[in-house]
Amino acid sequence: MVAAPNVAVVQTRAGKLQGYIHRGIYNYKGVQYAQAERFMPPRPVDSWSGIKTAMTYGKVAPQLTDEKNDIFPPHWYLPHWRPINYPQSEDCQNLNIWTPNINDGKKRPVMVWLHGGGFFMGSAQVEDVYDGENLSRKGDVVVVSINHRLNSLGFLDLSAYGEKYSANNGILDIVAALQWIHDNISNFGGDKNNVTLFGQSGGGAKILSLTAMPAAKGLFHKAINQSGAVELIGMSLQTQDTSRRVAELTLQNLNLSAAEIAKLESIPYAELSAAANKAFLQASKEFGADKVYQGNNGWSPIIDGVNVVQNPVVDGFSENANNIPLLIGTIANEWTTMELMSQMANSQNDNKNNWSNAQIEENLREKYGANAEAIKAAFKEAYPDKPLANALYPDVWMRTRALKTARIKSDQAAPVYNYVFAWETPVMGGFAMAYHCAEIPFVFNNIELSAEATGATKEAYKLADTISQAWINFARMGNPNAKGLPKWQPYTRKGGATMILDNQSAMRYHHDEKLMKLLAPDYE
């Protein structure tokens, strides 16, 4: 079949856009939602005449890399991050849209995906499974994904050097994208008054940051945080005494005076990035690593009292979030098996699934010492259906932070729903278990696009059908209950309801409280 001319044309406020239709879903890719000069806040795009095509992914933000340029090392094969093969540019304010129909007057729920990678790397297309076509078709929803500025280009705080500079350009880009969606999504078949943000890892942290931004009020109505409620990474939210010191040190590292601040606007990105990253390490020594996180993840929004007014995980959620339902959860093993992934050749043959009982007991005693028996008992109470060997790998770091965030948010009016994704991949002997990023293909209903990570088993397809429907239902109604799940109760401080998402999902209550207290006794 040969497509007719002028197919999939949509009118936006700035001009007409043409996408394409694939298997009944309208695709629009690389849509420019804003424009900006370096270190400047975003502004609306200029209008154009005629029809502009939107058929290929746009440019992505320059990626912060280490000296070896290996931010995607080989062990990221299973989390299915791809090498950066899209052009990088500071002009990266673009988004992608998948919708069942256009110009039909329908008001479909809008699901806006915020990618992971902290605030320093990643993109809307770095993973194949970020493709929104299957989710759009399954739920009759409009799916949008966003690219925005990252790392020093998005969060170097130059506000002390002139009013034209902003401390939060990366997150202001996202606000600009949400404003574009509000102004234009009705012509793409979406409901501007029913917008759900969903994001994983750094994407979840971005969502929490947006709840503390007055400019984002009313631009989204529900939130899904997947493995993104983490203090010190993403949710550290620098204060301006530290962020401005990082900027000052960046200038010093480049041998520039305050009077030469304008030179930062044209210095090559690689030089800027190296100087700014060094400044983070210097500032962390001055202020302490608890206030200035050492490493790439130090890049984050800054509490400037204007754009970002508070840290939800520390100061509590602002009134902006009072009526926003939250779905929040983590993965059972998150980062605990990443070291095994870095040694996949050995791990696939030497792992918890083929150890003897004696080996398992020895490993538990070696890891936990005198607490081994208590931790074994607490683990079996938390996860009665999992083998004892799994007690070697429970996620503590993200789980405790997600629970804290859920407790704080549950004090507001809108409901909170909590989950743990516990499905273990069977590939390569099953050593990787339920790892960071493992739930993403299930959320997008994209098992076929992640067969190397999921095994594309019948169980994986079935669970993806259930989980994607739960996310769709939450976006539509603010409630994730779906066929294939037990009744999903809201989380409260007293009830502690948590859905265990697995081949046999289960509703549990404060199920891992003892385990978390044993493994993180000092965390509140």
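Please refer to the structure placed before this passage.
Quick look at the structure, then. All figures in this text were calculated on a predicted structure; none of them were measured in a lab.

Structural notes on empty space enclosed by the protein
Alright, step 1. Applying the stated criterion to the full structure yields five cavities of 30 Å³ or more.
Alright, step 2. Each pocket or cavity is described by its volume, and for the largest cavity that value is around 120 Å³.
Alright, step 3. What lines the largest cavity is a set of 17 residues, among which Ala332, Asn333, Phe379, Tyr383 and Pro394 lie closest to the centre.
Alright, step 4. Those elements giving two or more residues to the lining of the largest cavity turn out to be β13 (326–331) and α16 (513–519).
Alright, step 5. Among the residues forming the lining of the largest cavity, the class breakdown is nine nonpolar, three polar and five charged.

Details of the sheet that holds strand β4 (residues 25–32)
Alright, step 1. Taken together, the 11 strands give an open sheet; going across it, the order is β3-β4-β6-β8-β7-β9-β10-β13-β14-β15-β16, and neighbouring strands pair in mixed fashion. In this open sheet, the two edge strands, each paired with only one partner strand, are β3 (20–22) and β16 (506–509). When the angles between neighbouring strand axes are averaged without regard to direction, this sheet yields 25 degrees.
Alright, step 2. Sitting on the sheet, helix α4 (residues 202–211) is in contact with β7 (108–114), β9 (190–200) and β10 (222–226), with an inclination near 130 degrees to β9.

Things to note about the packing of aromatic side chains
Alright, step 1. Taken as a whole, this structure holds 15 aromatic pairs when the rule is applied.
Alright, step 2. Here Tyr28 and Phe188 contribute two aromatic rings whose centre-to-centre distance is 5.0 Å and whose plane-to-plane angle is 90 degrees, an arrangement assigned as edge-to-face. Note that Tyr28 is positioned in strand β4 and Phe188 in the loop between α3 (169–184) and β9, a separation of 160 residues in sequence. Take Tyr28 and Phe188: they sit in the same class, and that class is buried.
Alright, step 3. Taking 5.0 Å as the distance between ring centres and 80 degrees as the angle between the ring planes, the aromatic pair formed by Trp113 and Phe444 counts as edge-to-face. On the criterion of sequence distance, the pair formed by Trp113 in strand β7 and Phe444 in the loop between α13 (440–443) and α14 (451–454) is long-range, its members being 331 residues apart. A single burial state applies to Trp113 and to Phe444, both of which are buried.
Alright, step 4. Taken together, the ring pairs in this structure connect Trp113, Tyr130, Phe198 and Phe444 into an aromatic cluster.
Alright, step 5. In this structure, Lys29 packs its charged tip against the face of Tyr57, placed 4.6 Å from the ring centre.
Alright, step 6. Lys409 extends its terminal NZ or CZ atom over the ring of Phe317, reaching a point 5.9 Å from the ring centre.

Comments concerning the pairing of β16
Alright, step 1. Pairing analysis gives four bridges linking strand β15 (residues 497–501) to β16, with the strands arranged antiparallel. Note on β16: the bridge partner recorded for Met499 is Met507.
Alright, step 2. Hairpin connection between β15 and β16: a loop of four residues separates the two successive antiparallel strands.

Re the nonpolar core
Alright, step 1. Judged by nonpolar contacts, the single largest core of 87 residues is most densely connected at Tyr28, Leu95, Leu210 and Leu264.
Alright, step 2. Among the elements that line this core, the one with the most residues is α3, at nine residues.
Alright, step 3. Not counting residues within four places of it along the chain, the set of residues in contact with Leu264 comprises Arg38, Phe39, Leu156, Leu158, Leu251, Leu254, Leu256 and Leu272.
Alright, step 4. Counting 74 residues, the second largest nonpolar core, distinct from the first, contains Ala389, Met433, Ala497 and Ala520.

A look at the packing of helix α5 (residues 240–253) against helix α6 (residues 269–287)
Relative placement of two packed helices is described by the angle separating their axes and the distance separating the axes.
Alright, step 1. Contact geometry of α5 with α6 gives a least axis separation of 8 Å together with a crossing angle of 130 degrees. When the axis of α5 is compared with that of α6, the two are oblique. Crossing of α5 over α6 shows right-handed handedness. Along its contact with α5, which presents Asp241, Thr242, Arg245, Val246, Leu249, Thr250 and Asn253, the element α6 presents Leu272, Ala275, Ala276, Lys278, Ala279, Phe280, Gln282, Ala283, Glu286 and Phe287.
Alright, step 2. Looking at the contact of α5 with α6, its residues break down into nine nonpolar, four polar and four charged.

Here we look at helix α10 (residues 357–368)
Alright, step 1. Its 12 residues place the ends of α10 16 Å apart at the C-alpha level, agreeing with the 16 Å of an ideal helix rising 1.5 Å per residue.
Alright, step 2. All of the buried residues along α10 are Ile360, Leu364 and Tyr368. For α10, the buried positions fall inside an angular range of 40 degrees around the axis, keeping them on one side. Structural note: α10 exposes Ala358 and Glu366 on the side pointing more than 90 degrees away from its buried face.

Comments concerning the sheet that holds strand β5 (residues 51–53)
Alright, step 1. Pairing is mixed in the open sheet, where three strands are placed in the order β1-β2-β5. Each end of this open sheet is capped by a strand with a single partner; those strands are β1 (9–11) and β5. Here the average twist between neighbouring strands, direction ignored, is 30 degrees.
Alright, step 2. By the bridge criterion, three bridges tie strand β2 (residues 16–18) to β5 in an arrangement that is parallel. The residue of β5 that forms the bridge with Gln18 is Thr53.

Let's talk about the packing of α10 against helix α11 (residues 372–382)
Alright, step 1. Two numbers describe how α10 lies on α11: the axes approach to 9 Å, and their chain directions differ by 115 degrees. One finds that α10 runs roughly perpendicular with respect to α11. In this structure, the crossing between α10 and α11 has a hand that is right-handed. Here Glu361, Leu364, Arg365 and Tyr368 of α10 lie close against α11, whose contacting residues are Ala372, Ile375 and Lys376.
Alright, step 2. In terms of residue class, the contact of α10 with α11 is built from four nonpolar, no polar and three charged.

Focus on unusual backbone geometry
Alright, step 1. You will see that Met433, though not glycine, has its phi angle at about 60 degrees, which is positive.
Alright, step 2. Structurally, Met433 is set in the loop between β14 (416–421) and α13.
Alright, step 3. Not every positive phi belongs to a glycine, and Ala456 is a case in point at roughly 50 degrees.
Alright, step 4. On the secondary structure map, Ala456 appears in the loop between α14 and α15 (458–477).

Analysis parameters
- Residues numbered from 1 in each chain as written.
- Predicted model: local features only at pLDDT ≥ 70, side-chain atom pairs only at ≥ 80, totals over all residues.
- Heavy atoms only, no water.
- 1 Å grid on protein atoms, 1.4 Å probe; cavity = no way out; pocket = protein on both sides within 12 Å on 5 of 7 lines; lining within 4 Å.
- Points joined across faces, edges and corners; volume = space filled by probe spheres on them.
- Helix = DSSP H or I, 4+ residues; strand = E, 2+ residues; numbered from the N terminus.
- Nonpolar A, V, L, I, M, F, W, Y, C, P; charged D, E, K, R; others polar.
- Pairing = 2+ DSSP bridges.
- Axes fitted to C-alpha atoms, helices over the stretch in contact; angles between N-to-C directions.
- Contact = heavy atoms within 4.5 Å.
- Phe/Tyr/Trp six-rings, centres within 6.5 Å; stacked < 30°, edge-to-face > 60°.
- Buried < 20%, exposed > 50% of the residue type's maximum accessible area, 1.4 Å probe, protein only.
- Lys NZ or Arg CZ within 6 Å of the ring centre and 35° of its normal.
- Core = buried A, V, L, I, M, F, W, Y, C linked by side-chain atoms within 4.5 Å.
- Parallel < 35°, antiparallel > 145°, perpendicular 65-115°, else oblique.
- Left-handed = near helix turned anticlockwise from the far one by under 90°.
- Expected span 1.5 Å × (residues − 1).
- Arc of directions from axis to C-beta.

Functional significance is not addressed by these values, which are geometric in nature.
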